[in-house]
Amino acid sequence: MYKQILKQHFGYDTFRNGQEIAITTILAKQDFLGIMPTGAGKSICYQIPALLLEGITIVISPLISLMQDQVYNLRQLGIEATFINSTLTPADISVQLNKVINGQCKILYVTPERLMTPMFIQFAAKCAISMITIDEAHCISQWGNDFRPEYKVIPDFINRIQQKVILSAFTATATAQVKDDIIELLKLNCPRVVTLGFDRPNLYFSVVKPKKKMAYLFDLITSFPNQSGIIYCNSRKNVQEVYDKLKGKNYSVGMYHGGLHSVERKNIQNSFIQDEIDIMIATLAFGMGIDKSNVSFVIHYNMPKDIESYYQEAGRAGRDGSEAKCILLYSAQDVSAQKWLIEHNNDEFGNPIEIAPHIKAQQYKRLNDMENYSNSTKCLRKVMLGYFGEILQDDCNNCSNCNNITEQTDVTVEAQKILSCIYRMKQKFGASVVIKVLKGKSIAKYAAYKFETLTTFGISDMPEKVLDQIVKYLICENYIYKEGTRYPVLKLTTTAIDVLKGNVKITMPIVINEKRTPIIKESVSHEHPILFEQLRQLRKEIAQLNKIPPYVVFEDKALISMCQQLPQTPNQFINVFGVGTKKLESYGEQFISVIIDYCQQYELNLEDKIAEALPMQI
Ligand code: ADP
């Protein structure tokens, strides 16, 4: 039965990893905890059982925008669902709750703040509740990034319910501490726990170090014609600059940062969601609660403060499972800018706030890990997942380090010079000073140290840039470590001794051909790009008319599937990815009509197409 619902309502043929276990566990009335990465398809895990269980399901969700999106989505699929939150008047709330009591609605989304209000408690006593689902369940844990005190009332609310309810909880945050907290605080009863890991195979990760970022960005952006994307910058000033430059080149761009009026921010965010603008240039203030599934690229114009933030921000790409690009434009100045931010912490009104030394040290440590990621020569996905405690056996072949053409170069002698120089400088200086000494450059500020008397003074012929790369490599490979925060000094680890003694050879990949990010996305590379644009336009019009986001009408993948299959009858249209009976009924005719017109205009022989699609007859 649950398999039928997947096709009939959602228009998908197969479950994704973890979904079927979640559904069968819940239907067997066992509590469930799903730790699944963004885009894995957590919603279906509780929405399908919610339809099959006898009573209603209450979904607790922290963000109004997310719950609205989910409800619009379900309604489009022909599933009656509703929400109550602060955007509704008390009268509207009453109407919605009555719908649930009368059995017109099986799924109710609610914010945690609502749960313990007298109205909601009264409501809960009146209806048969089969399941309570806690979305973004990590918000209950103090150890998570997004701790929300409002989540603390959830257990009280559950306790008040007289009936036996199934609990299901979902999150993308997987640290052991957070997981234990969720199970304990929500009092999940012998839950089945499914952990899918962090990897998002559809995301391509890339780090580039352009000499001129803006010029590089101009070039890069041409790779994403008519596609949705986000460019993150680390300051309002940079946002403005990138915005002005791209606007000047007639790109369809919007800008979002904390300095804009809230109405302006809301409008621009809506334009992005509605596909009215393609590219959003923003500070980190943008993104929380954005569920837009067709973001094809996320470019970081500046390096973010840590890997957690980077993964979260970059992870806004490719939520619909399509291939998407996450590109970080790194420069050494980004590191200094982040250090400055650590030293100058301000509250929301711009007043300086004192940060405890141990927190500051943690911030520096995280920044250092981010810097190491940016400078790593290993498979980027391996480094990233390793940071989250996951081991990837093989290189991913879907990141810039795997794709760049590199040459393994023996740098043992140069590494020995560097290590020796650090040692002779008594391990008291940072990389830039060490490199200057290796190059034989005097530094007035440090004249008293008489570096010119060291045997390693001026010993290297390598350009400073290459020496810098080797130093970074030696740090990533743990022959050197940095001590201190703001102005860290280089120190040798015990393994450095083996290099100095000549027992270990150091070879590192030197990039000889930096491959550009794979350029064209599947939608555009498709054989019918004109049709794709026509379908996109129709989708936009329908979305505007119904005041819903275009991706709620159809995801990009559905449009791509239409272009591939060129369906011309309802029977063919139902085979399109993401088309269930309700969507066929609502939109089939309009989309089929555009496809037929297109085929006629270009004199495509549809009979042949259909014959091609049929299985071979024996
Ligand atoms: P999450 O909450 O885990 O980030 P969502 O539930 O929002 O993910 O789903 C992400 C995307 O994957 C949505 O566009 C959704 O329609 C799609 N999706 C979910 N399950 C499937 C499936 N079985 N087959 C194809 N697409 C799916």
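Structure shown above.
Thresholds, definitions, all that
- Residues numbered from 1 in each chain as written.
- Predicted model: local features only at pLDDT ≥ 70, side-chain atom pairs only at ≥ 80, totals over all residues.
- Heavy atoms only, no water.
- Helix = DSSP H or I, 4+ residues; strand = E, 2+ residues; numbered from the N terminus.
- Polar contact = N/O pair within 3.5 Å; in protein donor to acceptor, adjacent residues only side chain to side chain.
- Buried < 20%, exposed > 50% of the residue type's maximum accessible area, 1.4 Å probe, protein only.
- Pairing = 2+ DSSP bridges.
- Phe/Tyr/Trp six-rings, centres within 6.5 Å; stacked < 30°, edge-to-face > 60°.
- Lys NZ or Arg CZ within 6 Å of the ring centre and 35° of its normal.
- Near = heavy atom within 4 Å.
- Nonpolar A, V, L, I, M, F, W, Y, C, P; charged D, E, K, R; others polar.
- Patch = residues over 30% accessible without salt bridge, like charges linked within 9 Å, V, L, I, M, F, W, Y side chains within 5 Å.
- Areas by Shrake-Rupley, 256 points an atom, 1.4 Å probe, with all protein chains shown as cover.
- Salt bridge = Lys/Arg side-chain N within 4 Å of Asp/Glu carboxyl O.
- Lys, Arg positive; Asp, Glu negative; His and termini not counted.
- Charge placed at Lys NZ, Arg CZ, Asp CG, Glu CD.
- Axes fitted to C-alpha atoms, helices over the stretch in contact; angles between N-to-C directions.
- Contact = heavy atoms within 4.5 Å.

Novice: Outline the environment of Asp31, listing residues and values.
Specialist: Looking at where Asp31 falls in the secondary structure, it is placed in the loop between helix 2 (19–27) and strand 1 (32–35). Taking the C-alpha atoms as reference points, Asp31 and Arg148, 117 residues apart in sequence, are found 22 Å from one another. Polar contacts involving the side chain of Asp31 include one to the main-chain amide nitrogen of Leu167, which spans 2.9 Å.

Novice: Provide a residue-level description of the pairing of strand 11 (residues 279–282), including the pertinent values.
Specialist: Burial along strand 11 is two-sided: the face carrying Ile279 and Ile281 and the face carrying Met280 and Ala282 are both buried. Where strand 9 (residues 228–232) and strand 11 come together, four bridges link them in parallel fashion. Residue pairing for strand 11: Tyr232 is matched across the bridge by Ala282. Note: strand 10 (residues 253–256) against strand 11, four bridges, orientation parallel. The partner of Met255 across the bridge, within strand 11, is Ile281.

Novice: Pulling in residues and values, what's your account of the packing of aromatic side chains?
Specialist: In the structure shown here, the tally under the stated rule is 25 aromatic pairs. Both rings, one in Tyr310 and one in Tyr373, keep their centres 5.9 Å apart while their planes meet at 45°; by these two values the pair is tilted. Here Tyr310 is found in helix 13 (residues 307–314), whereas its partner Tyr373 is found in helix 15 (residues 357–375), with 63 residues between them in sequence. Assigned by exposure class, Tyr310 and Tyr373 land together as buried. Each ring, one from Phe554 and one from Tyr587, has its centre 5.9 Å from the other, and the planes form 65°; the classification is edge-to-face. Taken together, the residues span a long stretch of sequence, with Phe554 in the loop between helix 24 (550–553) and helix 25 (556–565) and Tyr587 in helix 27 (residues 581–601) at a distance of 33 residues. Each member of the pair, Phe554 together with Tyr587, is buried. In textbook terms, an aromatic cluster arises when at least three aromatic residues are bridged by ring pairs, as seen for Phe198, Phe205, Tyr311, Tyr387 and Phe388. Here the basic side chain of Lys213 rests over the ring of Tyr301, its NZ or CZ set 5.4 Å away from the ring centre. A cation over a ring is seen here: Lys292 above Phe272, with NZ or CZ 4.9 Å from the ring centre.

Novice: So what about the site of the ligand? Which residues, and what values?
Specialist: The environment of the ligand is made up of 17 residues, and the closest members are Tyr12, Gly39, Ser43, Arg319 and Glu555. Gly41 is positioned such that a nitrogen or oxygen atom in its backbone is 3.1 Å from an oxygen atom of the ligand. With three residues, the top contributor of residues to the shell around the ligand is helix 3 (residues 42–52). Class assignment for the residues of the shell around the ligand results in six nonpolar, six polar and five charged.

Novice: Lay out a positive patch on the surface with the relevant residues and their values.
Specialist: Where like charges cluster on the molecular surface, the positive patch consists of Lys209, Lys211, Lys212 and Lys465. For Lys211, the position within the fold is in the loop between strand 8 (203–208) and helix 10 (213–221). The exposure class assigned to Lys211 is exposed, which follows from its relative accessible area of 84%.

Novice: Describe the sheet that holds strand 7 (residues 192–195), and please don't skip the residues or the numbers.
Specialist: The strand order 3-4-2-5-6-1-7 describes an open sheet built from seven strands, whose pairing is parallel. Only two strands of the sheet have a single partner each, and these edge strands are strand 3 (81–84) and strand 7. On average, each strand axis in the sheet is tilted by 15° relative to the strand beside it, whichever way the strands run. Taken together, the five bridges between strand 2 (residues 56–60) and strand 5 (residues 129–134) define a ladder with parallel strand orientation. If you follow Thr57 over to strand 5, its bridge partner there is Met131. Lying on the sheet, helix 2 is in contact with strand 1, strand 5, strand 6 (166–171) and strand 7; it crosses strand 1 at an angle near 165°. Contacts from helix 4 (residues 64–76) reach strand 3 and strand 4 (107–110) within the one sheet, and its direction differs from that of strand 3 by about 160°.

Novice: Help me get a handle on the sheet that holds strand 13 (residues 324–329), residues and values and all.
Specialist: Read across the sheet, six strands follow the order 8-13-12-9-11-10 without closing on themselves; strand pairing throughout is parallel. Strand pairing shows two members of the sheet lacking a second neighbour, strand 8 and strand 10, which therefore form its edges. In this sheet, neighbouring strand axes are inclined to one another by 15° on average, regardless of whether the strands run parallel or antiparallel.

Novice: So, the pattern of salt bridges: which residues are in play, and what are the values?
Specialist: Applying the stated criterion across every chain yields a total of 21 salt bridges. Residues Glu477 and Lys378 are paired through a salt bridge, measuring 3.4 Å at the closest nitrogen-oxygen approach. Here Glu477 is found in the loop between helix 20 (464–476) and strand 15 (480–483), whereas its partner Lys378 is found in the loop between helix 15 and helix 16 (380–387), with 99 residues between them in sequence. For Glu477, a relative accessible area of 26% corresponds to the partly exposed category. Shared partners join several salt bridges into a network, and the residues in it are Asp275, Lys292, Arg539 and Asp556.

Honestly, that's just the spatial picture; any functional story needs more than this.
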